[in-house]
Amino acid sequence: MPDLYHFWSSFESQRVRLLLSCKGVDWTDHALRYDDDQVFFELGTARHVPQLVLDSGERLDDSERILWQADRHFPRGGKLVDGRIDAAAWRALTAWRQRVDTVLDRLYAPLRPAYRDVAADGDILTAYKADVTHKYGLSIEALANDRYAGYQQLERLSRLPELARHLSRNRFYSGAISIADLLLTADLFPLQLHDGLSLPVDLMYYLERVQETCGIDLRQGLVADLA
């Protein structure tokens, strides 16, 4: 049974949780706190999630590579790569993701306190806020107030309404559930936590459809349910 070390607030970790659930893989879940440095020391690795340790002892920590190699590492589950998405389409999707990474990261920064790993206690939250201020030169409150401009930039860069229409027509990115859907769902799901931001309705239906297909609820890990 593989071991998954993760932060609830990490979209990279959520990609792997979606993958394991879609593949029907039982795994040992190690949900870490934001200040849980001891575990990384014991694993002998930098403070980075996800850390997926396979039954063979091999440790994987690149979520995009984990997704691309999903059918090789977990051949018994339904196909998510072979016959579902080719290398060129996957490269195009991950290139798009890299273009919007900075914008999404700024949008996510004020959302992470909604997750248990950051909201575990007051000292952790204080440390997280200090880290955000150091990284961006802005408080999480200021970043939250800038969410509308950030979202408009994301819409322009990602052509989000067009993506939503495509996903509505095809149900999934390539017509059948694939690793592309796991990446998109994990990366876009947290935007719903922003007050006043409205994702396209078709996109919201898509995010729920992927979770239902994979048999997992990405609300797990939130301090309070989205509802």
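These figures come from a predicted structure and were not determined experimentally.

Focus on the overall build of the protein
Argument step 1. Looking only at helices and strands, the protein features 13 helices and four strands.
Argument step 2. Taking 2.2 N^0.38 as the reference for a compact globule, 227 residues should give roughly 17 Å; the C-alpha atoms of the protein span a radius of gyration of 17 Å, in line with that estimate.
Argument step 3. The dimensions of the protein, computed from C-alpha atoms along their principal axes, are 45 × 45 × 30 Å.
Argument step 4. Taking all 227 residues of the protein together, 50% fall into the buried category.
Argument step 5. Pairs at least 24 apart in sequence give 68% of the contacts found in the protein among residues at least 6 apart.
Argument step 6. Taken as a whole, the protein presents about 10900 Å² of accessible surface, with 48% of it coming from carbon and sulfur.
Argument step 7. Each charge class in the protein was averaged separately, 27 positive and 34 negative side chains, and the resulting centres sit 6 Å apart.

A short note on the nonpolar core
Argument step 1. Core analysis: the largest hydrophobic core is formed by 57 residues, its most contacted members being Leu52 and Leu191.
Argument step 2. Mapped by element, the contributors of at least two residues to this core are α1 (11–22), α3 (63–68), α5 (87–99), α6 (101–108), α10 (147–158), α11 (160–170), α12 (179–188) and α13 (201–214).
Argument step 3. Per-element accounting of this core gives the leading share, seven residues, to α12.
Argument step 4. The residues contacting Leu191, other than those within four sequence positions of it, are Leu104, Leu107, Tyr108, Leu111, Tyr151, Leu154, Leu197 and Leu199.

As for the state of the cysteines
Argument step 1. A complete count under the given rule lists one disulfide for this structure.
Argument step 2. Bridging Cys22 to Cys214, the disulfide has an S-S length of 1.9 Å. Negative torsions about the S-S bond denote left-handed disulfides, and the value of about -55° found for Cys22 with Cys214 makes this one left-handed. Of this pair, Cys22 sits in helix α1 while Cys214 sits in helix α13, and the two are 192 residues apart along the sequence.
Argument step 3. Residue Cys214 is classed as buried on the basis of its relative accessible area, which comes to 4%.

A short note on α11
Argument step 1. Along α11, the positions that sit buried rather than exposed are Leu160, Leu163, Ala164 and Leu167. What you see down the axis of α11 is that its buried residues fit within an arc of 100°, all on one side.
Argument step 2. Of the surrounding secondary structure, the elements contacted by the buried residues of α11 are α10, α12 and α13.

Focus: the side chain of Ser158
Argument step 1. Within the secondary structure, Ser158 is located in helix α10.
Argument step 2. A polar atom in the side chain of Ser158 sits 2.5 Å from the backbone oxygen of Leu154.
Argument step 3. Apart from residues no more than four positions distant in its own chain, Ser158 is found in contact with Trp96 and Val100.

Side note on the side chain of Asp117
Argument step 1. By the secondary structure assignment, Asp117 is in helix α7 (residues 116–119).
Argument step 2. For the buried Asp117, which has no salt bridge, the nearest side chain bearing the opposite charge is Arg112, at an N-O separation of 6.6 Å.
Argument step 3. In terms of polar contacts, Asp117 uses its side chain to reach the side chain of Ser9, at 2.7 Å.

Cut-offs and rules
- Residues numbered from 1 in each chain as written.
- Predicted model: local features only at pLDDT ≥ 70, side-chain atom pairs only at ≥ 80, totals over all residues.
- Heavy atoms only, no water.
- Helix = DSSP H or I, 4+ residues; strand = E, 2+ residues; numbered from the N terminus.
- Rg over C-alpha atoms; globule rule 2.2 N^0.38 Å.
- Buried < 20%, exposed > 50% of the residue type's maximum accessible area, 1.4 Å probe, protein only.
- Contact = heavy atoms within 4.5 Å.
- Areas by Shrake-Rupley, 256 points an atom, 1.4 Å probe, with all protein chains shown as cover.
- Lys, Arg positive; Asp, Glu negative; His and termini not counted.
- Charge placed at Lys NZ, Arg CZ, Asp CG, Glu CD.
- Core = buried A, V, L, I, M, F, W, Y, C linked by side-chain atoms within 4.5 Å.
- Disulfide = S-S within 2.5 Å.
- Arc of directions from axis to C-beta.
- Polar contact = N/O pair within 3.5 Å; in protein donor to acceptor, adjacent residues only side chain to side chain.
- Salt bridge = Lys/Arg side-chain N within 4 Å of Asp/Glu carboxyl O.

Any functional reading would require information that these geometric values do not contain.
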